[in-house]
Amino acid sequence: MTEQHDDVLVATGITKSFAHVRALRGVDLTLRRGKVHALVGDNGAGKSTLIKILSGALQPDSGEILMEGEPVDIASPETAQHLGIETVYQDLAVAEALDLGENIFLGRELLRRGLLGHFGFVDRPAMRERGMEQMQRLGTKVPSPSLPLESMSGGQKQAVAVARAAMWGGRVLILDEPAAALGVRQTAQVLNLVRRSAEESNQAVVFISHNVPQILEIADDITVLHQGRVCLRCAKADASVDLLVRAMSGALDSPADREGTE
Amino acid sequence: MSSELAVAKPRHRKFADMLTGSTGNGLILTVLIAMILVFTITSPAHRFLSAGNFTSILADTSQILLLAAGETFIMIAGGIDLSCGAFVVFSSVICAKLVAGLSATPEQASNLEFPHLALGLAAGIVGGVAAGAAWGWLNGWITVRWQVPPFIVTLGTLGMSLGAAQIITGGLNVPGIPPAFQETLGIGKIFGIPWIAVVAAIIVGILWLLLAQTRFGMRTYAIGSNSEAARRAGVNVPRQTIQLYCLMGFLAGIVGVLDVARFNTASIAAHTTDNLQAIAAAAIGGVSLYGGKGRMSGTIIGAFIPAVLHNGFILLGFEPYWQEVAVGAVLIIAVYFDQVRRRSTGSRVQAPDDDAGAATPNGNEVTHGSHAT
């Protein structure tokens, strides 16, 4: 009935200040359906602030956010979830005492049918099965689905966290440095998962990273922030290691090159 | 290749495994069985295993088991409750006062006439249990709203509830409880099993299912394991925390009511170490003080070990004080072995998964096949 917006989320003119610090000075960001968008910048560039605004943890001072053309007010993390925005944080992502299925369905547990379900009995086999299907769909490996996550590697735990978010994040999946604490091999696994999630689920994915080769490997669109402004926005085809590094270090931060402010 | 799915064969677990969780209580169960065997062989005329002795152990353990079951939930959720023994005393006072006051006038009671027996008992049971639950709710509410650590909150309410019980009774036992209460619930038996043990078994059985099989139980593990992750997943952590402490208080209330039935009075001076015994039972049974780990089956075994030691030592003619020495040692050793075991299984499971691709070079067909079944 409504037309499909390819631009799932469009943020324009976002500003945010903390006491004396102007963290965001009018930032624009467009997230496209089925595409991975890398948000890049040095420490203090405003990436985390922007992510927190999109996930409802912070409110912008000014600016507008449209989801599929409709203006939205992301007042809280719960609102974000209702709007179909799911966030994976660097840490605190999983409950290690629970198994794969339990983690993926935590807060949205599948109950048994009939009377037992009425009393809150959970259907662990179904949660495990659907959890494994989700991992399979995203092309990642886990050991037995009935093992608690504490017996898995860091990469597998993060993979479960990403799979969980990908399963429930209907429209937008936000990843805050999903591979920050991981080794090379595990990082590749998680990035592969992020890529597949965007393609398979047709979600808009935005992820924060410092790692330039990593960004060039999986991102479709790249936005570089420097001191609270967008200093570079480009497609992967137009990007290079050199360009990104120069943008991150502020070498492009002159009005002529800058986009994103009116 | 890296996108291939390598799945370990799903274990088709039996009903017993589903109840106990992913790992068993092998070690501590072995210890309990070994104790029972040793006491049976060494006790005069093998009296340890007699029906009468077994009944006595059941009755002794029932009350601590109920408290330990509540402590299991609290500790798995990452909390602790020091106040449960004091709540037992307070609840028993409320129960005894209501039963004595409502079932007869003091003159009637002294003639052992109780014209309103049913009313008195009903009010006493409901009032005693409600009093415990109310204290538990207060524990949870303060923990959640004021963010005071539960160790401190429950230490505070321990003193408050014990003091309040003394104020209500003036430090005296409560007279005028109808003997019928003791004769039925207190020391009565059904098929040779004490009613108290039957009540405890039914409640602990329900709690076992609640912990192992329901959404409430699953979220209890999640809160103790990573409360921030649980909150972000949409679990109402404050509400469930209050519910957990309320459950603990509810159980303390039941124990208080059972106590009135058992001893025909409110026991002002007893239960001073019930809180520690309950925590010890849970810890012996493998419940972690750090949250996220533990099973009801372990707590049940852990609750029986002190009673078995106590009973066995008496039969063997030791002074019963040795039981406390032995339980203390068992507690430390049980937790020590549990940690050692967890460390070793943790590293053993983790080793292959970092090299999952290499570890199953030709295993994909096999694992896919078994997964499909």
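Residues numbered from 1 in each chain as written. Chains lettered and ligands numbered in written order. Predicted model: local features only at pLDDT ≥ 70, side-chain atom pairs only at ≥ 80, totals over all residues.

### Considering the overall build of chain A
Basically, it comes down to this: Labels follow the DSSP assignment, with helices taken as runs of H or I lasting at least four residues and strands as runs of E lasting at least two, numbered in each case from the N terminus. With C-beta atoms placed from the backbone, a residue is buried if 20 or more other C-beta atoms are within 10 Å of its own, exposed if 12 or fewer are, and partly exposed between those counts.
A count of helical and extended segments in chain A gives nine helices and ten strands. Dimensions of chain A along its principal axes, counting C-alpha atoms only, are 65 × 40 × 40 Å. When the 262 residues of chain A are sorted by exposure, 48% land in the buried category.

### What to know about the overall build of chain B
What counts here: Contact criterion: two residues are in contact if their C-beta atoms, reconstructed from the backbone, are within 7 Å.
When helices and strands are tallied, chain B shows 16 helices and two strands. When each of the 373 residues of chain B is scored for burial, the buried share is 49%. In chain B, the proportion of contacts linking residues at least 24 apart, taken out of those at least 6 apart, comes to 78%.

### Let's talk about the sheet that holds strand β8 (residues 204–209) of chain A
All names here are of chain A. Quick note on the threshold: Any two strands are treated as partners once DSSP identifies two or more bridges connecting them. All axes are obtained by fitting lines to C-alpha atoms, using only the stretch in contact for helices, and the reported angles, taken between N-to-C directions, cover 0 to 180 degrees.
Taken in spatial order, the six strands make up an open sheet running β6-β7-β8-β3-β9-β10, and their pairing is mixed. The open sheet terminates on both sides in strands that have one partner only, identified here as β6 (85–88) and β10 (229–235). Recorded for the sheet is a direction-independent mean angle of 20° between the axes of neighbouring strands. Both strand β9 (residues 221–226) and β10 contribute to a ladder of six bridges, which runs antiparallel. The residue of β10 that forms the bridge with D221 is A235. Strands β3 (36–41), β6, β7 (172–176), β8 and β9 of the sheet are contacted by helix α1 (residues 47–54), whose axis makes an angle of about 145° with β7. Of the strands in this sheet, β6 and β7 are in contact with helix α6 (residues 154–168), which crosses β6 at around 175°.

### A word on the confidence of the model for chain A
Where we set the bar: Scored between 0 and 100, pLDDT is the confidence that the predictor attaches to each residue.
Within chain A, residue pLDDT values average 84, and 93% of them lie at 70 or more. Within the model, pLDDT remains below 50 along residues 255–262 of chain A, and this stretch shows 15 contacts once partners closer than five positions in the same chain are excluded.

### Some points on the nonpolar core
Considering soluble globular proteins, one finds that nonpolar side chains tend to be buried as a cluster. This is how it is decided: We define a nonpolar core as a collection of buried residues of the types Ala, Val, Leu, Ile, Met, Phe, Trp, Tyr and Cys that are connected via C-beta atoms lying within 7 Å of each other.
Core analysis: the largest hydrophobic core is formed by 177 residues, its most contacted members being V162, A163 and V194 of chain A together with L251 of chain B. Looking at this core, the element that brings in the most residues is helix α11 (residues 237–263) of chain B, giving 15 residues. If we ignore the near neighbours within four places in the chain, the residues touching V194 of chain A are V36, V162, L175, P178, V205, F207 and I218 of chain A.

### Remarks on the confidence of the model for chain B
Residue and element names in this part refer to chain B. Of the residues in chain B, 85% have a pLDDT of 70 or more, and the chain-wide mean is 83. This model gives residues 1–23 a pLDDT under 50, and the stretch forms 41 contacts once residues within four places in sequence are excluded. In this model, residues 347–373 is a region of pLDDT below 50 whose contacts with residues beyond four sequence positions or in other chains number 26 contacts. The complex prediction reports pTM at 0.83, with the ipTM value standing at 0.79.

### Describing the pairing of β8 of chain A
All names here are of chain A. By the criterion of burial, β8 is predominantly enclosed, with six of the six residues buried. Going residue by residue along β8, you find A204, V206 and I208 tucked away on one face and V205, F207 and S209 tucked away on the opposite face as well. Of the strand pairs in this sheet, β7 and β8 are connected by five bridges, and their pairing is parallel. Paired with V172 across the bridge in β8 is A204.

### What about the environment of R215 of chain B?
Its place among the elements puts R215 of chain B in helix α10 (residues 215–232). Setting aside chain neighbours within four positions, we find R215 of chain B in contact with E109, L111, G120 and V122 of chain A.

### Description of the sheet that holds strand β4 (residues 62–67) of chain A
Residues and elements named next belong to chain A. Reading across from one edge, β2-β1-β4-β5 is the order of the four strands in this open sheet, with antiparallel pairing throughout. Bordering the open sheet on either side are β2 (21–32) and β5 (70–71), each of which pairs with just one other strand. With two bridges joining them, β4 and β5 adopt antiparallel strand pairing. The residue bridging M67 from the neighbouring strand is E70, located in β5. In the packing of α1 onto the sheet, contacts are made with β1 (7–18) and β2, and the angle to β2 comes to roughly 60°.

### Some words on the environment of G312 of chain B
All names here are of chain B. Along the chain, G312 falls in helix α13 (residues 296–315). A tally of 23 C-beta atoms within 10 Å means that G312 is categorised as buried. As a C-alpha pair, G312 and L162 span 150 residues in sequence and 32 Å in three-dimensional space. Every residue in contact with G312, bar those within four places of it in the chain, is listed here: M35, F39, S43 and F48.

### What about α1 of chain A?
Residue and element names in this part refer to chain A. Burial analysis of α1 places seven of its eight residues in the buried class, which makes it a mostly covered element. Every buried residue belonging to α1 is among K47, T49, L50, I51, K52, I53 and L54, and all of these are buried. Positive phi appears at G56, one or two residues downstream of α1, with a value of about 85°.

### Remarks on the packing of helix α8 (residues 179–186) of chain B against α11 of chain B
All names here are of chain B. Under the convention used in this document: Convention used here: angles under 35 degrees read as roughly parallel, angles over 145 as roughly antiparallel, angles from 65 to 115 as roughly perpendicular, and any remaining angle as oblique. Helix crossings get a hand from a simple test, with the near helix turned counterclockwise from the far one by less than a right angle marking a left-handed crossing and a clockwise turn marking a right-handed one. Gly falls in the polar group here, along with every residue not listed as nonpolar (Ala, Val, Leu, Ile, Met, Phe, Trp, Tyr, Cys, Pro) or charged (Asp, Glu, Lys, Arg).
It is the contact of α8 with α11, at a shortest axis distance of 7 Å, that shows an interaxial angle of 110°. On the basis of their axis angle, the class for α8 and α11 is roughly perpendicular. At the point where α8 passes α11, the crossing takes the left-handed sense. Between α8 and α11, the contacting residues are F181, Q182, L185 and G186 on the first element and V260, A261 and R262 on the second. Looking at side-chain class alone, the contact of α8 with α11 contains four nonpolar, two polar and one charged residues.

### Here's the deal with helix α3 (residues 51–76) of chain B
Operational definition: To estimate the expected span of a helix, subtract one from its residue number and multiply by 1.5 Å. At any given residue, the bend is defined as the angle formed between two axes, one fitted to the seven residues that end at that position and one fitted to the seven that begin there.
A rise of 1.5 Å per residue sets the reference length of α3 of chain B, with its 26 residues, at 38 Å; its end C-alpha atoms lie 35 Å apart and thus fit the reference within 8%. At S62 of chain B, α3 of chain B shows its largest kink, close to 40°.

### Some details on unusual backbone geometry
Its identity as a non-glycine residue notwithstanding, E68 of chain A has a phi of 50°, on the positive side. If you trace the backbone, E68 of chain A turns up in the loop between β4 and β5. The residue N264 of chain B is not glycine, and still its phi comes out positive at about 65°. Mapped onto the secondary structure, N264 of chain B falls in the loop between α11 and α12 (274–284).

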